[in-house]
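# Remarks on the overall topology
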Amino acid sequence: AGDGSGLVPGDGTDPPAPERVLFPPTFNVSEIKNKQRRHFMFLRWKQQQRKEKLALKKKRRKEREALGDKAPPKAIPKTIENQRVYDETTVDPNDEEVAFDEATDEFAPYFNRQTVPKILITTSDRPRGRTVRFCEQLATVIPNSHVYYRRGLALKRIIPQCIARDFTDLIVINEDRKIPNGLVLSHLPDGPTAHFRMSSVRLRKEIKRKGKEPTEHVPEVILNNFTTRLGHSIGRMFAALFPHDPQFIGRQVATFHNQRDYIFFRFHRYIFKSEKKVGIQELGPRFTLKLRSLQKGTFDSKFGEYEWIHKRREMDTSRRKFHL
């Protein structure tokens with residue numbers, strides 16, 4: 001009709017016509033040849049998708065408010081984590097076999113408070129500036145750690161010297177094209193040794209809204225989602241890097257969060273806004289680890305006995321299968 005009011009001619013009480021659909025059901029952005037036009041139409045399509053999703057969300061909320069106590073429970077969204085394939089090696093805290101292994105493994109002296117962690121942090125041969133700065137910042141996170149820059153000295157020669165000087169752990173930061181890309185963690189004197197691929201390294205100056213420099217207080221350690229026997233071993237390796245008694249007065253916390261077999265490391269400080277509200281302030285550095293292998297004993301790339309090796313073609317057949 002011609003009045004432009006959007007109403008169908010009638011008695012004046014008819015509802016407005018439904019909103020015109022911008023895109024047909026068979027619309028495909030990739031069929032548009034012009035690049036700028038294609039990008040513009042893609043943004044409009046995404047905007048329409050967001051509006052429809054928001055409208056559906058509001059509709060459901062109003063329906064729940066109308067039903068009140070009779071409203072059905074909210075559906076749990078399906079994620080890769082909650083659809084995870086069950087692993088037979090999942091740790092039961094009440095399992096006697098697990099308790100016996102913990103009491104007799106290589107980390108038992110640490111958890112029994114018989115040893116105090118002493119860490120040596122070293123690098124690949126002749127490290128570049130970014131790797132050097134990362135090691136220096138990592139040493140401020142881990143108490144009682146010492147940085148040593150390698151100059152052509154083989155790793156097999158470093159390990160006996162570490163044992164003679166009562167170091168409990170050795171951390172090696174490898175690099176490729178001036179970027180840290182690997183981490184080797186070896187527990188001394190009898191192992192085990194874990195090899196990780198490192199990615200998403202961010203130094204303190206690269207983190208937005210970071211806090212002031214960390215203090216020398218012993219931080220609290222949080223380990224999340226290390227549920228299998230393999231993950232339990234890796235979690236105990238990380239825990240053994242920090243002194244057993246955290247100094248909560250420093251309000252610092254080091255977090256190792258496992259999600260889909262990626263281990264995210266964050267270093268925060270608690271900020272108490274009031275008696276009921278608390279915030280966190282990231283201090284840095286941050287990085288992500290992916291376990292590649294777990295080896296018995298100390299580092300030995302040729303003759304070492306491996307407990308676990310990540311084989312992509314055999315182990316990554318399902319997106320819902322995780323090992324940690």
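Calculation notes
Residues numbered from 1 in each chain as written. Predicted model: local features only at pLDDT ≥ 70, side-chain atom pairs only at ≥ 80, totals over all residues. Heavy atoms only, no water. UniProt positions renumbered as here; feature names shortened; annotations may be inferred. Phe/Tyr/Trp six-rings, centres within 6.5 Å; stacked < 30°, edge-to-face > 60°. Helix = DSSP H or I, 4+ residues; strand = E, 2+ residues; numbered from the N terminus. Buried < 20%, exposed > 50% of the residue type's maximum accessible area, 1.4 Å probe, protein only. Pairing = 2+ DSSP bridges. Domains from an automatic or database assignment. Axes fitted to C-alpha atoms, helices over the stretch in contact; angles between N-to-C directions. Parallel < 35°, antiparallel > 145°, perpendicular 65-115°, else oblique. Left-handed = near helix turned anticlockwise from the far one by under 90°. Contact = heavy atoms within 4.5 Å. 1 Å grid on protein atoms, 1.4 Å probe; cavity = no way out; pocket = protein on both sides within 12 Å on 5 of 7 lines; lining within 4 Å. Points joined across faces, edges and corners; volume = space filled by probe spheres on them. Nonpolar A, V, L, I, M, F, W, Y, C, P; charged D, E, K, R; others polar. Salt bridge = Lys/Arg side-chain N within 4 Å of Asp/Glu carboxyl O.

As annotated in an unreviewed UniProt entry, the chain is Ribosome production factor 1 from Struthidea cinerea. Turning to the chain, the UniProt annotation filed under Subcellular location (unreviewed entry) states: "Nucleus, Nucleolus".

A few words on the packing of aromatic side chains. Throughout the structure, instances matching the rule amount to 10 aromatic pairs. Taken together, a centroid distance of 5.6 Å and an interplanar angle of 85° make the contact between Phe134 and Phe287 edge-to-face. Here Phe134, found in helix H4 (residues 129-141), pairs with Phe287, found in strand E10 (residues 286-295); they are 153 residues apart in sequence, far enough to count as distant. Judged by relative accessible area, which is 0%, Phe134 ranks as buried. Here Phe287 falls in the buried class, since its relative accessible area comes to 3%. Note on Phe238 and Phe256: the rings are 4.3 Å apart at their centroids and 5° apart in plane angle, and the pair reads as stacked.

A word on the pairing of strand E4 (residues 179-187). Residues in a regular strand project their side chains so that they alternate between the two faces of the sheet. Burial analysis of E4 places seven of its nine residues in the buried class, which makes it a mostly covered element. In terms of strand pairing, strand E3 (residues 169-176) meets E4 through eight bridges, oriented antiparallel. Bridged to Asp169 within E4 is His187. Counted between consecutive antiparallel strands, the loop separating E3 from E4 contains two residues, among which Arg177 sits at a positive phi close to 55°. The pairing of E4 with strand E5 (residues 193-202) spans five bridges and is antiparallel. Note that in E5 the partner of Ser186 across the bridge is Thr193. In sequence, E4 turns back onto E5 through a hairpin of five residues, with Gly191 there showing a positive phi of about 85°.

With that settled, consider helix H6 (residues 229-239). Note on helix geometry: an α-helix contains 3.6 residues per turn, so any two residues three or four positions apart are oriented the same way. Within H6, eight of the 11 residues are buried, leaving the element largely enclosed by the surrounding structure. Looking at H6, one finds that the buried residues are Leu230, Gly231, Ile234, Gly235, Arg236, Met237, Phe238 and Ala239.

Split by domain assignment, the chain resolves into domain 1 (31-66) and domain 2 (89-316). For domain 1 versus domain 2, the distance between C-alpha centres works out to 43 Å.

The next point concerns the UniProt feature "domain: Brix" (unreviewed entry) in the chain. When the UniProt feature table is mapped onto this chain, "domain: Brix" (unreviewed entry) is found at residues 117-300. What you have in residues 117-300 is 18% helix and 41% strand, and the ends, taken at the C-alpha atoms, are 22 Å apart.

Turning our attention to the packing of helix H2 (residues 96-104) against H6. Where H2 contacts H6, the axes come no closer than 13 Å and their chain directions differ by 30°. For the element pair H2 / H6, the angle class is roughly parallel. Handedness of the crossing formed by H2 with H6: right-handed. Every residue of H6 that contacts H2 at Glu97, Val98, Asp101 and Glu102 is listed here: Arg229, His232 and Arg236.

For the rest of this paragraph, the subject is unusual backbone geometry. Note: most peptide bonds trans; most residues except glycine with negative phi. Across the junction of Leu188 and Pro189, the peptide omega takes the value 5°, indicating a cis bond. Relative to the helices and strands, Pro189 is located in the loop between E4 and E5. With an omega of 0°, the peptide bond between Gly284 and Pro285 qualifies as cis. The residue Pro285 is located in the loop between strand E9 (278-282) and E10 in this model. Here Arg251, not a glycine, exhibits a phi torsion of approximately 60°, which is positive. Along the chain, Arg251 turns up in the loop between H6 and strand E7 (252-259).

Attention now goes to empty space enclosed by the protein. To find the voids left in a structure, one rolls a probe of water-molecule size over its atoms. Applying the stated criterion across every chain, the model contains two cavities of 30 Å³ or more. Taken as a whole, the largest cavity holds about 100 Å³ of empty space. Lining the largest cavity we find 13 residues, and of these Leu138, Ile142, Leu241, Phe256 and Phe287 sit closest to its centre. Elements supplying a minimum of two residues to the lining of the largest cavity: H4, E4 and E10. Each residue belonging to the lining of the largest cavity can be placed in one class, and the counts come to 13 nonpolar, no polar and no charged. Put simply, the second largest cavity is a space of about 50 Å³. Along the walls of the second largest cavity sit Asp261, Lys290, Leu291, Trp308, His310, Asp316, His323 and Leu324, which together make up its complete lining.

It is worth spelling out the pattern of salt bridges at this point. Taken as a whole and assessed by the stated rule, the structure comprises nine salt bridges. For the salt bridge of Asp245 with Arg113, the shortest nitrogen-to-oxygen distance reads 2.7 Å. Taken together, the residues Asp245 in the loop between H6 and E7 and Arg113 in the loop between helix H3 (108-111) and strand E1 (119-123) connect sequence positions 132 residues apart. Judged by relative accessible area, Asp245 falls into the partly exposed class, the value being 49%. Where salt bridges share partners, they join Glu102, Asp105 and Arg236 into one cluster.

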